[in-house]
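# Understanding the architecture of this molecule
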Amino acid sequence: MNDRQPAPSPETRALWLAIGGLPHMGLTAIGELARRWPDPFEALARIRSAGDDLKGIVPLSKRWEVSSGAQRIDDARTAACILAELDRCGGRLVATAEPPLSELLAAEEGWPPVVSARGGLPAPPTVAIVGMRKASLPGRRFASRLAADLAAEGVCVVSGLAFGIDRASHEGAVAAGRTVAVLAGGVARPSPLAHIALAGEVLRSEGGLVSHVPPLSDAPGWRFPIRNRLIAGLAQAVVVVEAAARGGSLSTAAHAVRLGRPLLAVPGPPWWEHSSGTNSLLADGALVCRDALDVLAAIGRAPTGRPVSRDRPHSLPAVEALDDDELAVLDAVPATPEPIDSVARESQLPLVTVLSALGRLEQLGLVEAPTPSTVMRTDCP
Amino acid sequence: MLAVVQSVATIGIDGHPVRVEVQVGSGVPAFTLVGLPDTAVREARERVRSAIIASGYEWPLRRITVNLAPAGLRKQGSWFDLPIALGILAADRQVDDVWIPSHMVVGELGLDGDVRPVAGVLSVALCARSEGLPGVVVPVSNSDEATAAGHLRVVGVNHLGQFAAGLPEPAGDSVCKVKPEASASDSACGDMGEVAGQETAKLALEVAAAGGHHCLMIGEPGSGKTMLARRVPGILPPLDEDERITVSLLHSLAGVGTGAPHGSPAGSSSAHGLMSHRPFRSPHHSASITALVGGGSTHITPGEVSLAHAGVLFMDEFGEFRPSVLDALRQPLQDGEVSISRRAARVRFPARFMLVAASNPCPCGFLGSTRQACSCDHLAHIRYRRRLSGPLMDRIDICVPVGVEEPHRVLDHEPAAESAQIRVRVVAARSRQTQRQGRELTNSRLDGAELRAHVGLSGKAAAAVRAHAAHVSSRGLASLQKVARTIADLEGEDRVEAHHVHTAWRLRMPVGPDEPRGRR
């Protein structure tokens, strides 16, 4: 950033995180504050006074809330707290204007001058994999495999540590390479709580956690769309695996389009709610993501090392062990959830035979029951 | 002059004989009642006095002492009115008393001399039988209930004035006999054939009924969970004689009418005598612990679990029941009875029911629905499923998936009689269990050693069980084998084959929140 101070003290830089933690404070707003007032003490003073010089940064309707939040920041002490907490959790302050982040976040896009990080930082090549929290099993499997394939190609997989697709992507990537989780809360307190162990795995595999708010912040709902912009920014391409007609992953997709990052979406059947969002992204011009090759092409890399094969044979090692009835039932189970009764009608076999075959197929991992009354194929298309 | 009238006090479902001793002697006119009476018994003084005068007798202006013996036994309720009144009249020589020593008497009196119905008459009649008394005198509207005990002369009375000319004649059938076999028609609970489609759910319920397994129905709102559950009593085997008496006793004690399976208002007894249908109880999810397991501070009455004894306890919106209430279900599920301890007494009620729980798949109810998208967030799912887990769920063997039928199937559905055929298969499967297990012990109640002794896995089935073992707890493994055993029993097979195990696996309870089970 052209206004960078020659040697700002750590306390000064830590205050940018405190500003990031203010209510409804967006990333571009912080970037704009930093452009106008490179000294965060000055920026905080302006926010507190809630004057007209905040025009174009904080909307009038939010100005009071933001300024009263800023009143609670005791400059020196808050900064010392932030540094102490970062120290305690092994985190650090990272300037966005320096490599490796500067290779991903262009200065003119408006980013906070400083973010906090634990573990490794995202470095090109990076790809974000995002999607629904309530993802389907095949969706999660696909995300996990895609992330593993990309990580094996040396791509750093960026996601948001949430349930569903995010979790599956991190899990796939930690097994094969590096992954970075961008958090809506602080890095000392990864949210959701249920994924603290996953955050640990990410750190152990030389991946990292990144956040633009103080290390002990919680993750209020309004901050997720803001966080999504950081995910899109840190990625050279964004892949949406499963998305409902409305939801957070579509906001990441919108940020990607605005930031000019290639956007890919995984197609799905039009009658399934899990693919309604991705299918409309595709209709609006997103690139089709069938496997890692599509993603690598989007970021302009040729597959190296381990070959990623598009016509990977369906891995159904168990099929030979199935008898005729079980094969007939397997044929009657579609790729999206289907009531057991209609599978039984479709297969035209006695119900007891169908149930027994389904039990066997479930045991072999060929069929899953997303709800008690429905079954679906698990093999990824 | 002393008179003694036989009556009964109940503790739990057991009746204990009580001697109502009345002494009418000289002295200052007074009326004392001793022998550990509760408030309702003590109030009998006012009712008895008024009823005697209103019935045209004379109130003896002498010293009246009533003792309820044994004095250590706590007496409750209003049914000592009639024996006390008869005792006073006999002691004062206003009625003929030759019949009194051979009859047990209960009944509540109104101020006008009317004899009113009371709850628990069946246990009175059974007590009379076990005491070797040839007859009972009961309120006329309870006489059918008393008749059900069998081999008793049941005298139904409706007014105290009837005793002026000695013991009234029993109306109609004088010597009572056990009611002929209850008709197998279960019109009261409906037929499975009235439910369109739902083949999987019906099959799962058939397996549950055959093995006495507790089950949980999961399906979206309006899919027919309640409709199916109501029809479960109709596919269970008919009640045997002992069960009919126990069930009738419990209903009689709770003041719930016998005969009608869904419970008529308290105090009204139907003309059926003994309960002929398996009970179906469906407590609301706001029910308290006391309502469910029974209780009361002085007068201890059976709760829903006991009223569902030998029948079906249907708990709709299972996850909405208070956790403490669900915890209280563990003892009856484990032991087949509840024991209730209060200051007044400690009683046991039988409570061997088949639990049919029902739940939506998620808070909004439309998870996995083909009709409507689920509107809950991911955390809500996890929380909802966590509520449906824990030690209680471990005791539920079968998950009954209830899907939504396509409209044309429902509209074109021709109701057919299915319950009777299912019941035939269930009865056959149960008799196989009784034969193999040596006593009336359903597969669901087999413990570790018995399960090993009776499960009879073939080599391939054992391998299939081992293959599933990685995914379930040890209790889950036991319930997998029990359900497989029941499925084999339904098919009339001596050995459990691999496909029985696979079917049982399909009918198992779902496990916790579904995160990817393994990475590939």
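Here, the structure is the one placed above.
Parameters and conventions
- Residues numbered from 1 in each chain as written.
- Chains lettered and ligands numbered in written order.
- Predicted model: local features only at pLDDT ≥ 70, side-chain atom pairs only at ≥ 80, totals over all residues.
- Heavy atoms only, no water.
- Buried < 20%, exposed > 50% of the residue type's maximum accessible area, 1.4 Å probe, protein only.
- Helix = DSSP H or I, 4+ residues; strand = E, 2+ residues; numbered from the N terminus.
- Contact = heavy atoms within 4.5 Å.
- Pairing = 2+ DSSP bridges.
- Axes fitted to C-alpha atoms, helices over the stretch in contact; angles between N-to-C directions.
- Core = buried A, V, L, I, M, F, W, Y, C linked by side-chain atoms within 4.5 Å.
- Phe/Tyr/Trp six-rings, centres within 6.5 Å; stacked < 30°, edge-to-face > 60°.
- Lys NZ or Arg CZ within 6 Å of the ring centre and 35° of its normal.
- Expected span 1.5 Å × (residues − 1).
- Arc of directions from axis to C-beta.

### So, helix α13 (residues 378-387) of chain B
- Considered for burial, the residues of α13 of chain B that qualify are His-378, Ala-380, His-381, Ile-382 and Tyr-384 of chain B.
- On its buried face, α13 of chain B is in contact with β17 (354-359) of chain B.

### Regarding the sheet that holds strand β10 (residues 215-219) of chain B
Residue and element names in this part refer to chain B.
- Here five strands make up an open sheet; going across it, the order is β11-β14-β17-β10-β18 and the pairing parallel. Among the strands making up the open sheet, the edge pair consists of β11 (280-281) and β18 (398-402).
- Looking at chain direction, strand β14 (residues 312-315) and β17 are connected through four bridges and run parallel. Its bridge partner being in β17, Phe-314 is matched across the sheet by Val-356.

### What to know about the sheet that holds strand β5 (residues 179-182) of chain A
All names here are of chain A.
- Strands sit in the order β1-β2-β6-β5-β4-β3-β7-β8-β9 across an open sheet of nine strands; the sheet is mixed. Each end of this open sheet is capped by a strand with a single partner; those strands are β1 (91-95) and β9 (287-288).
- Relative to strand β8 (residues 263-265), strand β7 (residues 237-240) runs parallel, the two sharing three bridges. Residue pairing in the sheet places Val-238 in a bridge with Leu-263 of β8.
- Along the sheet, helix α6 (residues 137-152) makes contact with β3 (126-130), β4 (156-159) and β7, crossing β3 at roughly 175°.
- Together, β2 (114-119), β5 and β6 (208-211) form the strand contacts of helix α8 (residues 196-204), whose direction differs from that of β6 by roughly 115°.

### What to know about the nonpolar core
- Judged by nonpolar contacts, the single largest core of 96 residues is most densely connected at Leu-82, Ile-84, Leu-160, Phe-163, Phe-318 and Leu-329 of chain B.
- Among the elements that make up this core, the one with the highest residue count is helix α3 (residues 81-91) of chain B (eight residues).
- Setting aside its immediate chain neighbours within four residues, Leu-82 of chain B contacts Val-105, Val-106, Gly-107, Leu-109, Val-115, Val-137, Val-157, Leu-160 and Phe-163 of chain B.
- Counting 62 residues, the second-largest nonpolar core is a separate cluster that includes Leu-358 and Val-367 of chain A together with Leu-236 and Ala-498 of chain B.

### Remarks on the packing of aromatic side chains
- For the structure on display, the rule yields three aromatic pairs over all chains.
- Taking the centre distance of 5.6 Å and the plane angle of 20° together, the rings of Trp-99 of chain B and Phe-163 of chain B count as stacked. Placement of the pair is Trp-99 of chain B in the loop between α3 and β5 (103-105) and Phe-163 of chain B in the loop between β9 (153-157) and α6 (199-211), with a sequence separation of 64 residues. No difference in accessibility class separates Trp-99 of chain B from Phe-163 of chain B, as the two residues are buried.
- On the numbers, 5.8 Å between centres and 25° between planes, the contact of Phe-280 of chain B with Phe-314 of chain B is stacked. Here the residue Phe-280 of chain B occupies a position in strand β11, and Phe-314 of chain B occupies one in strand β14, the gap between them amounting to 34 residues.
- A cation over an aromatic ring shows up here: Arg-229 of chain A above the ring of Trp-111 of chain A, its NZ or CZ 4.3 Å from the ring centre.
- Sitting over the face of the ring of Trp-505 of chain B, Arg-508 of chain B holds its NZ or CZ atom 3.9 Å from the ring centroid.

### Describing helix α16 (residues 419-437) of chain B
Residues and elements named next belong to chain B.
- With 19 residues, α16 ought to run about 27 Å at 1.5 Å a step, and its terminal C-alpha atoms sit 26 Å apart, in line with that.
- Taken together, the buried positions of α16 are occupied by Ser-419, Ile-422, Arg-423, Val-426, Ala-429, Arg-430, Gln-433 and Gln-437. All buried residues of α16 project into a common sector of 130° when viewed along the axis, lining one side. α16 presents Ala-420, Val-424 and Gln-435 as exposed residues on the side facing more than 90 degrees away from its buried surface.
- Buried-residue contacts for α16 involve α6, α17 (448-454) and α19 (474-490).
- Downstream of α16 by one or two residues, Gly-438 has phi in the positive range, about 80°.

### What about unusual backbone geometry?
Residues and elements named next belong to chain A.
- The linkage connecting Pro-99 with the following residue, Pro-100, adopts the cis geometry, with an omega of 5°.
- Here Pro-100 shows up in the loop between β1 and β2.
- Look at His-24: it is not a glycine, yet its phi comes out positive at around 60°.
- Within the secondary structure layout, His-24 lies in the loop between α1 (10-20) and α2 (27-36).
- Using a relative accessible area of 31% as the deciding quantity, one classes His-24 as partly exposed.

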